[in-house]
Amino acid sequence: MKLFRFARGICLTLAFCAGLCHAQTVPERVVIDAHASGRPFPHFWEQTFGSGRAILALRESYRNDLRAVKKVTEFSYVRFHNILHDEERVYDEDAQGRPVYNFAYVDQIYDGLLENGVRPFVEISFMPKKLALRQDVHPFWYKQIVSPPKDYKKWDDLIHALAQHLVDRYGLDEVAKWYFEVWNEPNIDFWSGEPKQATYFELYDHTARALKGVSPRLRVGGPATSSAHWVDAFIQHTAAENVPTDFISSHGYGDDTEQDLFGTNEDIPMDQRVCRAIKKVHDQIAASPRPGLPLMWTEWNVPSFGMLHARDTTYVGAALADDIRQCDGLVDMMSFWTFSDVFEEDGPKREPFDGGFGLVALGGIKKPSYAAFALLHKLGTERVVGRSEPANVLVTRDRDGSLAIAAWNLVDPDKKGSARQIDFEIHGVPPNSRVRVIRADAEHGNTLAAYQKMGSPRYPTQAQVSELNRVAEQMPAENMRLSQGLIELQLPVNGVLLLEVLKK
C-alpha cells in the first residue's frame, strides 16, 4: 500500500560573489497519499480553556468572550480558580461556629456557562476565610487564602454539600460529565500546608472521598501541580490508600525552566518543553499502578518571550500548530490558559495587547491567536501519518474523506527567519482537484497590526473594536486547483495555512 511520504530538502547552494557566501533554500516537498491509513485525531487542544477566577464569569464581557471563542472552537469545558473564595460567600459560620452555606453565586456562575454550551471543569479552590487554619494570603490581586482547612470534618461537609447541591440543581447525569480537580498548583505558593506534598495528599483524600460520597459517578482528579511535579508520587499514594482517582492533571508552560520541568540543565528549546513535559507525565502514568488514567493538562500556553509579548502576535498560531503535532497521542485534553483577557491576577487591566494569556484582548478585541485557533479548528477527525512525518505539517482527513492539511513556519520572536515554500504533491485525488487555502499570518487575521495601524488606542470605541474584529473573523479562503496533483504555497514567518482538498 502506498503510504504517506515526506521528502524534505534543505540544502545550501554556495555561490561566491565579492567574497560573500549566499545560501539558497530549496522548496520543501510534501508527498501525501489521500488513501493512506489514519488514526483518530480528537481535537484535544481546544476542548477546554482556562479563564480568570470564578466571579468574573458573572460579567457580560467574560460571557461575550466565551461565546466568541465557543463559536470558532466549539470548546466544551472551562476551568478557573476560586469557586470557594469569599467573593462568592460560599462558606460562613454563625456565632456558635456552625457552618452556613450559600450557593447563590455558584449557581449563577455555572448557569451562565451551561446556558452557553460549556461545562465547568471544577477546580476546588481556594480556602474560605472562616475555614482556614491560617490566614495565608497569596499575592494575587484578589488575595485568595491558600491555607489547609482548620477542621477536616467541616471541609468534608462543605464539599459534600456543594456536590449534592450541584446534583440536585443540574441532575446527576449532567454533573457526572463534569470534572472535579482538587486545588491548584499545591507544589508552589498556592498551598501553604507543610510538608506540602503530604498535606496536599491529605486534602485530596478528603475531597475525593467526600465527592464520591455523593455519587461514585462524579469524576475527581489531581494533583494539579505546576511544572509536571508529583504525579508519580500522587498515583503511588492514591493506589496504596485506595483513594478514588479518575484522571491525572498537571501544568506546564513553554517558559518554565528545564530544571523545573525535568530536573536537568539540558538545553531544551521553549517550543518543545510543553509536550516533553506531557510525555514525561504520560510515561509516568503508563508505568504506574493505574496505567489507564486519562491525562488532563489543565494549564499551558506558548512562551511569552517576556516584553516581546509573543502571546499577542501571530507567533501563537505557528507555536500552537507545532504543539498539536508534538502532543498528539500523549494527552486527553489540554486547557489553554486562557480564552479571554478578562483576567485580574495582577489587578484590572489597563489596555489591550499587554501580553495577556487570552485569545480575546481587553475590550473584546480578538487577537491573532483567535484567528489561529479558528483556522486549526478546521483540521479533520483522523490523522494521516506516514513513515517520515514532516516537522511543520499535519495531514488530517475528515469524515467525508476530504483532506485538511496544516502547515506552518515557526520562528521564535527573538530570532530572525525567512519565508518557506512548500510544494504539496497529493496522490489519490483527481489531479485537478479543487482546493481551498486559508491563512493566519502577518497579513491575515492580524488584529495586532491593525490595532497598531489604528494608533493603538488605549480605550478603543465600539466601532473601532468592530473594525478590528472583522480582521480576525473575515479571513477569505483562496479557491484554487491542483495542477497535475501539485500545488506550491508560500509560508511567511510564523504563518499558518490550512490546505483543504475538497471532495466532489
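Since this is a predicted model, take the numbers as computed values, not measurements.

1. Considerations on the nonpolar core
Move 1: Grouped together as the largest cluster of nonpolar side chains are 117 residues, with contacts concentrated most on Y62, Y110, W155, Y200, W297 and L376.
Move 2: It is helix α3 (residues 152-170) that contributes the most residues to this core, ten residues altogether.
Move 3: In this view, W297 contacts A228, S250, H251, G252, V274, A277, I278, V281, V331, M333, M334 and S335; residues no more than four positions away in its chain are not counted.
Move 4: Counting residues in each nonpolar core, the second largest holds 22 residues, with A36, I426, L482 and L497 among its members.

2. Quick word on the pattern of salt bridges
Move 1: Enumeration over the complete set of coordinates arrives at 36 salt bridges.
Move 2: Put simply, R79 and E299 hold a salt bridge, and the shortest N to O gap is 3.1 Å. Taken together, the residues span a long stretch of sequence, with R79 in strand β7 (residues 77-80) and E299 in strand β14 (residues 295-300) at a distance of 220 residues.
Move 3: For E299, a relative accessible area of 5% translates into the label buried.
Move 4: Linked through salt bridges whose partners overlap, the residues forming this network are R53, R59, E87 and E344.

3. Digging into the pairing of β7
Move 1: Of the two faces of β7, the one carrying Y77 and R79 and the one carrying V78 and F80 are both buried.
Move 2: Relative to β7, strand β6 (residues 48-50) runs parallel, the two being bridged by three bridges. Its bridge partner lying in β7, T48 is registered against Y77.
Move 3: A crossover links β6 with its parallel partner β7, the connecting element being helix α1 (residues 60-73), and its sense is right-handed.

4. Examining the sheet that holds strand β11 (residues 179-182)
Move 1: Around the barrel, which closes on itself, the eight strands sit in the order β6-β7-β10-β11-β12-β13-β14-β15 with parallel pairing between neighbours. Averaged over all pairs of adjacent strands, the angle between their axes in this sheet comes to 25°, without regard to strand direction.
Move 2: The strands touched by helix α2 (residues 104-115) within the sheet are β7 and β10 (119-124), with β10 carrying the most contacts at an inclination of about 145°.

5. What to know about the sheet that holds strand β19 (residues 393-397)
Move 1: The antiparallel open sheet is built from seven strands, whose spatial order is β5-β18-β19-β20-β25-β22-β23. The open sheet has two edge strands, β5 (38-40) and β23 (478-481), and neither has a second partner. In this sheet, neighbouring strand axes are inclined to one another by 30° on average, regardless of whether the strands run parallel or antiparallel.
Move 2: The sheet contact formed by strand β22 (residues 434-440) and strand β25 (residues 496-501) spans six bridges and is antiparallel. Bridge pairing in β25 places R436 opposite E500.

6. Focus: the side chain of T48
Move 1: Tracing the backbone shows T48 in strand β6.
Move 2: Exposure remark for T48: the relative accessible area of 2% places this residue in the buried category.
Move 3: Contacts of T48, omitting those with residues within four sequence positions, involve F75, Y77, F121, M333, M334, S335 and F336.

7. A look at the packing of α3 against helix α5 (residues 196-214)
Move 1: Two numbers describe how α3 lies on α5: the axes approach to 8 Å, and their chain directions differ by 40°. Here α3 is positioned oblique relative to α5, judged by the angle of their axes. Pair α3 / α5 crosses with right-handed handedness. Contacts from Y152, W155, D156, I159, H160, A163, Q164 and V167 of α3 reach α5 at T199, E202, L203, H206, T207, A210, L211, G213 and V214.
Move 2: For the contact of α3 with α5, the class distribution of residues is nine nonpolar, six polar and two charged.

8. Things to note about helix α8 (residues 270-286)
Move 1: End to end, α8 covers 25 Å across 17 residues, agreeing with the expected 24 Å (1.5 Å per residue, within 8%).
Move 2: Those residues of α8 that sit buried are D271, R273, V274, C275, A277, I278, V281, Q284 and I285.
Move 3: Close packing links the buried residues of α8 with α6 (231-240), β13 (247-251), α7 (258-262), β14, α9 (315-327) and β15 (333-336).

9. A short note on the environment of V471
Move 1: Inspection of the secondary structure puts V471 in helix α12 (residues 462-473).
Move 2: The contact partners of V471, leaving out residues within four places of it in the chain, are G445, N446, T447 and A450.

10. Some points on the confidence of the model for the protein chain
Move 1: Averaged over all residues, the pLDDT of the protein chain is 93; the fraction at 70 or higher stands at 94%.
Move 2: pLDDT under 50 marks residues 1-24. Its contacts with residues more than four places away, or in other chains, come to 54 contacts.

11. Examining the packing of aromatic side chains
The relative placement of two aromatic rings is captured by the distance of their centres and the angle of their planes.
Move 1: Here the structure, examined in full by the defined rule, presents 36 aromatic pairs.
Move 2: Taking 5.0 Å as the distance between ring centres and 75° as the angle between the ring planes, the aromatic pair formed by F49 and F75 counts as edge-to-face. Taken together, the positions of F49 in strand β6 and F75 in the loop between α1 and β7 put the pair 26 residues apart, joining distant regions of the chain.
Move 3: Taken together, F49, Y62, F75, W300, F336, F339 and F373 form an aromatic cluster joined through their ring pairs.
Move 4: One cation-aromatic arrangement involves R219 over Y179; the distance from NZ or CZ to the ring centre is 3.9 Å.
Move 5: Taking NZ or CZ as reference, R276 lies 5.8 Å from the ring centre of F262, over its face.

12. As for empty space enclosed by the protein
Move 1: Here the structure, examined in full by the defined rule, presents two cavities of 30 Å³ or more.
Move 2: When its volume is computed, the largest cavity comes out at roughly 50 Å³.
Move 3: Residue lining of the largest cavity: T314, G317, P368, A372, A440, D441, H444, G445, N446, N494 and V496, and that is the complete set.
Move 4: Computed from the structure, the second largest cavity encloses a volume of approximately 40 Å³.
Move 5: Lining the second largest cavity are G254, M270, D271, Q272, R273, V274, N301, V302, P303, Y315, A319 and D323.
Move 6: At the level of secondary structure, the elements contributing two or more residues to the lining of the second largest cavity comprise α8 and α9.

Calculation rules
- Residues numbered from 1 in each chain as written.
- Predicted model: local features only at pLDDT ≥ 70, side-chain atom pairs only at ≥ 80, totals over all residues.
- Heavy atoms only, no water.
- Core = buried A, V, L, I, M, F, W, Y, C linked by side-chain atoms within 4.5 Å.
- Buried < 20%, exposed > 50% of the residue type's maximum accessible area, 1.4 Å probe, protein only.
- Helix = DSSP H or I, 4+ residues; strand = E, 2+ residues; numbered from the N terminus.
- Contact = heavy atoms within 4.5 Å.
- Salt bridge = Lys/Arg side-chain N within 4 Å of Asp/Glu carboxyl O.
- Pairing = 2+ DSSP bridges.
- Right-handed = clockwise from strand over helix to strand, strands pointing away.
- Axes fitted to C-alpha atoms, helices over the stretch in contact; angles between N-to-C directions.
- Parallel < 35°, antiparallel > 145°, perpendicular 65-115°, else oblique.
- Left-handed = near helix turned anticlockwise from the far one by under 90°.
- Nonpolar A, V, L, I, M, F, W, Y, C, P; charged D, E, K, R; others polar.
- Expected span 1.5 Å × (residues − 1).
- pLDDT = per-residue confidence, 0-100.
- Phe/Tyr/Trp six-rings, centres within 6.5 Å; stacked < 30°, edge-to-face > 60°.
- Lys NZ or Arg CZ within 6 Å of the ring centre and 35° of its normal.
- 1 Å grid on protein atoms, 1.4 Å probe; cavity = no way out; pocket = protein on both sides within 12 Å on 5 of 7 lines; lining within 4 Å.
- Points joined across faces, edges and corners; volume = space filled by probe spheres on them.

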